[in-house]
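# Notes for the structure review
Now for the letters of each chain:
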Amino acid sequence: MEINIKLSDAPISQLSDRSYQSLISELKARVLEVYPGSYLLITHDSGPTTFQTKGFHDDNEAHIVLHELVEDVLKHGHWLKQ
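Presented here is a report on the structure given in the accompanying data block.

Parameters at a glance
- Residues numbered from 1 in each chain as written.
- Predicted model: local features only at pLDDT ≥ 70, side-chain atom pairs only at ≥ 80, totals over all residues.
- Heavy atoms only, no water.
- Helix = DSSP H or I, 4+ residues; strand = E, 2+ residues; numbered from the N terminus.
- Rg over C-alpha atoms; globule rule 2.2 N^0.38 Å.
- Buried < 20%, exposed > 50% of the residue type's maximum accessible area, 1.4 Å probe, protein only.
- Contact = heavy atoms within 4.5 Å.
- Areas by Shrake-Rupley, 256 points an atom, 1.4 Å probe, with all protein chains shown as cover.
- Lys, Arg positive; Asp, Glu negative; His and termini not counted.
- Charge placed at Lys NZ, Arg CZ, Asp CG, Glu CD.
- Expected span 1.5 Å × (residues − 1).
- Arc of directions from axis to C-beta.
- Polar contact = N/O pair within 3.5 Å; in protein donor to acceptor, adjacent residues only side chain to side chain.
- Pairing = 2+ DSSP bridges.

## What about the overall build of the protein chain?
Assigned secondary structure in the protein chain consists of two helices and three strands. Against the globule reference of 12 Å for 82 residues, the protein chain gives a C-alpha radius of gyration of 12 Å, in line with a compact fold. Referenced to the eigenvectors of the C-alpha coordinate spread, the extents of the protein chain come out at roughly 35 × 25 × 20 Å. Taking all 82 residues of the protein chain together, the buried fraction comes to 35%. For the protein chain, restricting intrachain contacts to residue pairs at least 6 apart in sequence, the fraction spanning at least 24 positions comes to 77%. Accessible surface computed for the protein chain: about 5200 Å², of which carbon and sulfur atoms make up 50%. With 7 positive and 12 negative side-chain charges, the protein chain shows a spacing of 6 Å between the two charge centroids.

Written as structure tokens, this is what we have:
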């Protein structure tokens, strides 16, 4: 299974390098906890946050789960406490 997450620059543009790395590390851990063994690529872009998946039984369901994970990590993630 392949997962490509493009994060919008808006929520991360003001982060320090350390906070950004912590955010990405936590997001990777959370996604791979739900979808172990997946090939995961996380980038950021000036557009909206988007998800591309390949090899899932239900891509729409995977997009919903990924969206919820990204929102949870951005709003409530452990990286915020650093």
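Don't stop here, the text continues.
## Topic: helix α2 (residues 59-76)
Between its terminal C-alpha atoms α2 stretches 25 Å, which fits the 26 Å expected from 18 residues at 1.5 Å a residue. Among all positions in α2, only Ala 62, Leu 66, Leu 69, Val 70, Val 73 and Leu 74 are buried. When α2 is viewed along its axis, its buried side chains cluster within an angular range of 125° and face the same direction. Exposed positions of α2 whose direction lies more than 90 degrees from the buried face are Asn 60, Ile 64, Glu 68, Lys 75 and His 76. Capping the start of α2 is the job of one residue whose side-chain oxygen sits 3.1 Å from the backbone nitrogen of Asn 60: Asp 58.

## Thoughts on the pairing of strand β3 (residues 50-54)
Alternating residues of β3 divide into Phe 51 and Thr 53, all buried, and Thr 50, Gln 52 and Lys 54, none buried. Relative to β3, strand β1 (residues 2-8) runs antiparallel, the two sharing five bridges. Note on β3: the bridge partner recorded for Lys 6 is Thr 50.

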